[in-house]
Amino acid sequence: MEQPLDEKDLERKLKKEHKAREKEEKKLRAKQKEAARLQAQAASDGARKSEKKQKKKGAIDENPEDFVDPDTPTGQKKLLASQMAKQYSPSAVEKSWYTWWESLQYFVADAASSKPPFVIVLPPPNVTGALHIGHAITVAIEDAMIRWRRMSGYNALWVPGMDHAGIATQVVVERKLMRERKLSRHDLGREKFLSEVNNWKDQYGGTILRQLRMLGASLDWSRECFTMDSRRSKAVTEAFVKLYKEGLIYRDIRIGHWDCTLRTAVSDIEVDYLELKEETLLVVPGYNIPVQFGVLISFAYPLEEGLGEIIVATTRIETMFGDTAIAVHSQDERYKHLHGKYAIHPFNGRKLEIICDDELVKTNFGTGAVKITPAHDTEDFKAGKRHNLDFINIFTDDGNINENGGSQFEGMPRFTARAAVIDALKAKGLYRGMKNNEMKLGRCSRTNDIVEPMIKPQWFVNCNTMAKAALDAVKSKEIEIIPPQYEQDWYRWLENIRDWCISRQLWWGHRVPAWYVTLEDDEEKDMGSYIDHWIIARNENDAILEAEERYPGKKYQLDQDPDVLDTWFSSSLFPLSIFGWPDDTADLSTFYPTSVLETGLDILFFWVARMVMLGILLGGDVPFQKIYLHPIIRDAHGRKMSKSLGNVIDPIDVINGITLEGLQKKLEQGNLDPDELEKAKEGLKKDFPDGIPECGTDALRFALISYTSQSDKINLDIKRVHGYRLWCNKLWNAIRFAMIKLGDQYTPQTTVVVDSMPPVCRWILSVLNKSVGKTVSSLEAYKFSEATSSIYSWWQYQLCDVFIEAIKPYFNDSQEFEAARGASRDTLWLCLNTGLRLLHPFMPYVTEELWQRLPQPKEACMKDSIMISEYPSTVQEWENDQVENEMEIVLDAVSKLRSLRPPTDIHERRPSFVLCRNLEIAATVQCYQAQIATLASVSSLKILIEDDPSPPGCATNIVNKDLAVYLQLRGALNTEVEHEKLRKRREEVQKQHDTLSQKMNASGYREKAPQSKQDDDMKKIASLLEELEIISEAESKLDANN
C-alpha cells in the first residue's frame, strides 16, 4: 500500500495540480474523432468560457463577509458562512463544535441502555499538569476508539478524571511558597499547608481537562472525578482496610529510595538514572558548589590485634558511619586468615566483623573486600538480613549527618560530609586514593535531588497472590496485551514482583487509615515502637471503638499515622472507584469491567499491573479486557524529549502554531541553567528555524495515530503533521467542488442502482467498500495506523486524484452525459457522506463541518451530527472486483502515458495511442477511453490493435504484455531517452524473470510447492517472457522510425 506523501511532496503535488488545472481550463480543446464527443467537448468549452465570464463579472460584487462564519453563541449549533471559505483554516473550522456536542450530551452514556457497553477510562492526568505530547497521543487514540464505537451502536463511555499527584502537587506548592513567601511547609504546619494546596488546586488545577476539550476528546464530563474527592477517598480507605484484614497489608522496616528535599520515600518511576562514565560534577539542590560523583574512593580500616589493615572501596564515603561489617569471599586466599576477625572504625571505635558473603562479594572487583552499610544500600540491606547485622541510620530526613556521625560530623549535609570524611581519613593516614568509576546515579525526577537509600518503617502490600492472578489473566487470554510482545515483560515483572511500599512521608494525599495506640504504661512512647499497637479502621470513631475493645480499662492516646498513601495506590483503584465501588451502583454493574485500557508502555507495571491485581481481588473480575500500549514519542531525530535539549513539543503549539521567538521565550520561562538554556535554544533554532506552523487539532490527531505502527518509539516530525494539515485542505476543496457540481437543487437519493452507473462510479464505490472493510477490521484489531492509511489512500489517491478528475467532463450542458452526470452526482454524494463518516473518529472537527454542508436526503431520518450518525459498514452491492481489475489497468496506462510527457511541457496536450494485443484488453480500454484521455491529459486517444502500424514520432511505454502506450511528441522525440527507458524496463523484467526461474529450479521446489503455485509461477514466467519480446519489438520499431 502506498504511504502518505511527506509534507514537501504533498505541497509540491498540490501546486502542480493547481497549475495544471488552470492551464487545462485555458487550453482544453476537443480533438477526439467522434462528432458527439467533439460537440460535447465544444459545449463544455463554451460553458467554461461563459462560467469564467460570469465569475469575472461577479468577482467585483463578491462580499468577503459571505465567507466568514458568524459568531455562534456558546453551546449552540455552529453558524456557517453562506459560502465556503476558499482555503481550509483549522482555527475557523475547530471553533464552536465542541460546546454544541457537549450541550446536547452526545458524550453521556446511559447505565440503563440496552446497547452493548464499550468503556474506556482516561488515564487520569495530574492535577498539576498541562497538556503534553504523551497526553495528545492518548487522546487521539482513545477518542478515535470511543467515537467509532459510539457511531457503531455501542453505549460508549469514556470517563475523565484527575489524579491528585501527591509528590508532583506538593512540590509545586512548596516551591511557590518558598518563591513568594520564603516559607517551607514545616513553617506553615500541616493544616495550613493543605489549605494552601487546596487553594492552588482550585485556582490552577484542571488546566489539562480544559485543554482536553481543545483536542476534541468526547469524554463523559458528567462522570468527571478526582482521586481525592469523597467517593474516591472512601474507596481508598475501604481497599486499605480490606487488604489489611486479609493479611495483605503489613508494616515493616525496609530500605527504599528517599528524597531528602521532599523528605519522603519515592517510587521507582520517580527516579531517573544518570549513566556516569567517569568523575562528574553535578549541581545538587541545597549545595552551592557542584558535587563529585563517578569516582571510587579507597580507604583502610585498621584491624584489631595488630593484624594490619584491610582496604575497602566505595562511591559514597560518607556512609562509612553506618558500616557494621566487612565482607570478603570465602575462597579468597588474601583474606582467609581474617575470617571472624574485626576491623576498628577510625571515628567511633565500632568493631566491624569480617564476614564471608559469596553472594555480595566479587573477588575481581576493587580490593575484594566490601564495606557493609545495611541501612543505606539495597544489597547491603540484604546482606545485613542474612548475617543479622546492626542497621544504623546515619542521616536525618533532610539528608544531614545525625548523631551516629559523631560530634565532628553531626549536622553536616551529606555531600559536605563527603569531602570532610576524605580530609579526616587523610589526616589519619587511612586514605588510599580515588579512581574513575562507571556508575548509575539515581535522581528524583520531581526535585533533581540525589535519592538516598534509607531504612524507614513503611506500610507494604504483599503482592504474591495478586501477582499470580494477574499473570494467569494474561496467560488465559482473559486480558489481551497489544502489541503481544509486551506479554513477556508482563510475565517477567510479575514473576519477580516485590512487595509494594504504599506509604509516603508527604502531607498531600490520602492519609493512611491507621491509628497508633500509646498506652500510659508503655516504656517506649514513640509512634510505631510496638507493632501490635496499630489499629486499622475506616475512621477515627471506629478506631476508638477497637482501641477500647482491645485495651479495656486502660488509658491511652490515639494518633493517626501522619503518612499518606502512594498516589499509585489510589490510581490503581480507578477502574473500580470511578463507578462508585465499594457501593453497588448501576454504573458498576453496567460498565465494569471496562473494555480496553490504553496507555503508554512506560507505566505498564507501576499502574496497569497494579490495576489488574487490585481489580481482580476487590472487584471480582479483571478491570479491562484488553491493554493497548502506545509507543513513546521522541523527536524527529529519535532523541528522548527533554527541556535541556529544546526538543519538547507542546501540542498546543502544534495546533495553534508558534514562532521561533515564541518557542525560545517559553524556554526562558523554565528552570534551565544558562548553559542548558543556550543549548536548548540552539536545538530549537536547528529543528524549527521558522517556528511551528499552525496545523490544527485534526491534523495532529491523524498524524499521531498514523505513527502508531512504529513499535515502541515514535520519531515525531512536525513536517508530517503539517502535511496532514495540507491534506485537510484537499478534503476541503473536494467538498467545495462537490457543492458546485451537486448544485443547490440536488437532493441525495436514499438508494442507488449501482449496476446502471458508469464504470468509474462503480469503481469508486467498490474501492470505498474495500476501504470501509479495511478500516473497520483494522480498528477491531487495534491496528490504528492501518486504519488511517486505508482512509488516507482512498481519499487521496482514489477519490481526489482519480474519481473527481474523471467525472469533470460529465458536468457540462451536453445531453449525451445527462445519465452519467446524474449517476456521478449520486456517487459523489455517497462517497463524501460515507468518507466523512469513515474519517470522523480521527478528524472530528473538519468532518463535522464538511458533513454539515452536504445536502441531506429528505426521505431519510438524518442525525443532527456526524458524531451520532452510523459508522460505515460494507455494502455487498458495491463490491465489484471486475471493475477494480479493469481500473487497475486503466490507471497503469494513465501513469505510463503521463511519464512519457517531456518535463519541459508536461501540460501540453498531445495525441496518444494505446496498442492492445487482445480483444479483451481492447474492450476494456474502449470502455474507459474517455477516462484515460481525461486523466492522462492527452488531446486524443486512439486504440490500435496488433496489426496496426506503430505511430511515428512517438515515445512508448510498456504497461504489460498485452498493452503498450504511445505519446506523440512530433519533433520532440529523443531516441536516446526512449531507448534508455526501454533498457531500464528490460532490466526490471529480466530481473523478475531470473529471480522466479531461480526459485523454480531450486532443489525441492517441485516436491514441496503445491501444484497450483507451480502453475501460477509458470504463467508468470510466460508473461515475463512475452513482455521481454514486446520490449525488443518496441526497440526495433523505435530504430525503424528514426
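Residues numbered from 1 in each chain as written. Predicted model: local features only at pLDDT ≥ 70, side-chain atom pairs only at ≥ 80, totals over all residues. Heavy atoms only, no water.

## A short note on the overall build of the chain
A tally of regular secondary structure across the chain gives 34 helices and 33 strands. On the principal axes, the C-alpha backbone points of the chain span a range of 120 × 65 × 60 Å. Buried residues in the chain amount to 53% of all 1042 residues. Restricting the contact set of the chain to residue pairs at least 6 apart, pairs at least 24 apart contribute 76%. (Helix = DSSP H or I, 4+ residues; strand = E, 2+ residues; numbered from the N terminus. Buried < 20%, exposed > 50% of the residue type's maximum accessible area, 1.4 Å probe, protein only. Contact = heavy atoms within 4.5 Å.)

## Quick notes on the pattern of salt bridges
Across all of its chains, the model carries 58 salt bridges by this definition. Across the pair Asp268 and Arg498 runs a salt bridge whose closest N-O atoms are separated by 3.4 Å. Taken together, the residues span a long stretch of sequence, with Asp268 in the loop between strand 6 (264–265) and strand 7 (271–276) and Arg498 in the loop between helix 14 (487–495) and strand 20 (500–501) at a distance of 230 residues. Overall, the relative accessible area of 59% leaves Arg498 in the exposed class. (Salt bridge = Lys/Arg side-chain N within 4 Å of Asp/Glu carboxyl O.)

## Focus on helix 5 (residues 133–151)
Compared with an ideal rise of 1.5 Å per residue, which puts 19 residues at 27 Å, helix 5 spans 27 Å between its outermost C-alpha atoms and is within 8% of the ideal. Just past helix 5, the residue Gly153 takes up positive phi, approximately 95°. (Expected span 1.5 Å × (residues − 1).)

## Regarding unusual backbone geometry
Cis rather than trans, the peptide bond between Ile482 and Pro483 has omega equal to 0°. Take Pro483: it is sitting in the loop between strand 19 (480–482) and helix 14. Between Trp581 and Pro582 the backbone carries a cis peptide bond, its omega angle lying at 15°. Note on placement: Pro582 falls in the loop between helix 17 (574–577) and helix 18 (586–591). Its identity is not glycine, yet Ala165 carries a phi of approximately 50°, on the positive side. Of note, Ala165 is situated in the loop between strand 3 (161–162) and helix 6 (166–181). In this model, Lys182 sits at a positive phi of 55°, which is unusual for a non-glycine residue. In this structure, Lys182 sits in the loop between helix 6 and helix 7 (185–188). For Lys182, a relative accessible area of 62% translates into the label exposed.

## Quick notes on the state of the cysteines
Under the defined criterion, the tally for this structure stands at 0 disulfides. Left unpaired, Cys444 is separated from the closest cysteine sulfur, that of Cys260, by 10 Å. Residue Cys444 is classed as buried on the basis of its relative accessible area, which comes to 1%. (Disulfide = S-S within 2.5 Å.)

## A few points about the sheet that holds strand 22 (residues 514–519)
Here we have 3 strands laid out as an open sheet, ordered 23-22-24, and antiparallel in their pairing. Across the chains shown, the open sheet's two edge strands, defined by having one partner strand only, are strand 23 (534–536) and strand 24 (556–560). Taking each pair of neighbouring strands and ignoring which way they run, the sheet shows an average axis angle of 30°. Looking at chain direction, strand 22 and strand 23 are connected through 3 bridges and run antiparallel. Each bridged residue has a counterpart across the sheet, and for Trp515 the counterpart in strand 23 is Ile535. (Pairing = 2+ DSSP bridges. Axes fitted to C-alpha atoms, helices over the stretch in contact; angles between N-to-C directions.)

## Topic: helix 23 (residues 696–706)
Counting buried positions along helix 23 gives 11 out of 11 residues, so the element sits mostly inside the fold. Buried residues of helix 23: Gly696, Thr697, Asp698, Ala699, Leu700, Arg701, Phe702, Ala703, Leu704, Ile705 and Ser706, and no others.

## Some details on the packing of aromatic side chains
Throughout the structure, instances matching the rule amount to 34 aromatic pairs. Geometrically, the ring pair formed by Phe293 and Phe415 is edge-to-face, given 5.4 Å between the ring centres and 80° between the ring planes. Separated by 122 residues along the polypeptide, Phe293 in strand 9 (residues 291–293) and Phe415 in helix 12 (residues 414–427) bring together distant segments of the chain. For the pair Phe293 and Phe415, a shared accessibility class is recorded, and that class is buried. Between Tyr792 and Tyr797 the ring centres are 6.0 Å apart and the planes differ by 70°, which places this aromatic pair in the edge-to-face class. Its relative accessible area of 1% is what places Tyr792 among the buried residues. Through pairs of rings, three or more aromatic residues link up here, namely Phe702, Tyr724, Trp727, Tyr792, Tyr797 and Phe842. Seen from the ring of Tyr154, Arg149 lies directly overhead, with NZ or CZ sitting 4.8 Å from the centre. A cation sits over an aromatic face here: Lys426 above Tyr431, 5.0 Å from the ring centre. (Phe/Tyr/Trp six-rings, centres within 6.5 Å; stacked < 30°, edge-to-face > 60°. Lys NZ or Arg CZ within 6 Å of the ring centre and 35° of its normal.)

## A short note on the nonpolar core
Core analysis: the largest hydrophobic core is formed by 162 residues, its most contacted members being Leu716, Trp795 and Phe842. With 14 residues, helix 26 (residues 784–807) is the single largest residue contributor to this core. Beyond its immediate sequence surroundings of up to four residues, Phe842 is in contact with Ala144, Asp698, Arg701, Phe702, Ile705, Leu779, Ala787, Thr788, Ile791 and Tyr871. (Core = buried A, V, L, I, M, F, W, Y, C linked by side-chain atoms within 4.5 Å.)

## A few points about the side chain of His533
Looking at the element boundaries, His533 is found in the loop between strand 22 and strand 23. Exposure remark for His533: the relative accessible area of 7% places this residue in the buried category. From its side chain, His533 meets the backbone oxygen of Val517 in a polar contact 2.8 Å long. Contact partners of His533, with chain neighbours within four places excluded, come to Trp515, Tyr516, Val517, Leu519, Asp522, Arg550 and Tyr551. (Polar contact = N/O pair within 3.5 Å; in protein donor to acceptor, adjacent residues only side chain to side chain.)

## Here we look at the environment of Ile1021
Along the chain, Ile1021 turns up in helix 34 (residues 1011–1040). Assessed through its relative accessible area of 11%, Ile1021 is described here as buried. Counting along the chain gives 380 residues from Ile1021 to Met641, while the straight-line C-alpha distance between them is 52 Å. In this structure, Ile1021 is in contact with His993, Leu996, Ser997 and Met1000, ignoring residues within four places of it in sequence.

## What about the sheet that holds strand 30 (residues 911–916)?
Sheet architecture is open: 4 strands sit in the order 31-30-33-32, paired in mixed fashion. Looking along the sheet, the strands with just one partner apiece sit at the ends: strand 31 (940–945) and strand 32 (954–960). Between one strand axis and the next, the sheet turns through 20° on average, direction left out of account. The sheet contact formed by strand 30 and strand 31 spans 6 bridges and is parallel. Bridging across to strand 31, Ser912 finds its partner in Leu941. Along the sheet face, helix 30 (residues 919–927) touches strand 30, strand 31 and strand 33 (963–968) and points at about 150° away from the line of strand 30.

## Overview of the packing of helix 21 (residues 660–668) against helix 22 (residues 674–687)
Put simply, helix 21 and helix 22 touch, their axes get as near as 10 Å, and they point 155° apart. Classified by the angle between their axes, helix 21 and helix 22 sit roughly antiparallel to one another. Between helix 21 and helix 22 lies a crossing of right-handed hand. Contacts from Leu660, Leu663, Gln664, Leu667 and Glu668 in helix 21 reach Leu677, Ala680, Lys681, Leu684 and Lys685 in helix 22. Partitioned by chemical class, the residues of the contact of helix 21 with helix 22 number 6 nonpolar, 1 polar and 3 charged. (Parallel < 35°, antiparallel > 145°, perpendicular 65-115°, else oblique. Left-handed = near helix turned anticlockwise from the far one by under 90°. Nonpolar A, V, L, I, M, F, W, Y, C, P; charged D, E, K, R; others polar.)

## Quick notes on the packing of helix 14 against helix 19 (residues 604–619)
Relative to each other, helix 14 and helix 19 sit at 75°, their axes nearing to 11 Å. When the axis of helix 14 is compared with that of helix 19, the two are roughly perpendicular. Here helix 14 contributes Asp489, Trp490, Trp493 and Leu494 to the contact with helix 19, which in turn contributes Leu604, Phe605, Val608, Ala609, Arg610, Val612 and Met613. When the residues that make up the contact of helix 14 with helix 19 are grouped by side-chain class, the tally is 9 nonpolar, no polar and 2 charged.

## Considerations on the pairing of strand 27 (residues 624–630)
Counted residue by residue, strand 27 has 5 buried out of 7 residues, so it is predominantly covered. Inspection of the sheet shows strand 19 paired to strand 27 by 3 bridges, in the parallel sense. Within strand 27, the position partnered with Ile481 by the bridge is Ile627. With 6 bridges joining them, strand 26 (residues 594–600) and strand 27 adopt parallel strand pairing. Bridging across to strand 27, Thr599 finds its partner in Leu629. In this fold, strand 26 hands off to helix 19, which returns the chain to strand 27; that crossover is right-handed. (Right-handed = clockwise from strand over helix to strand, strands pointing away.)

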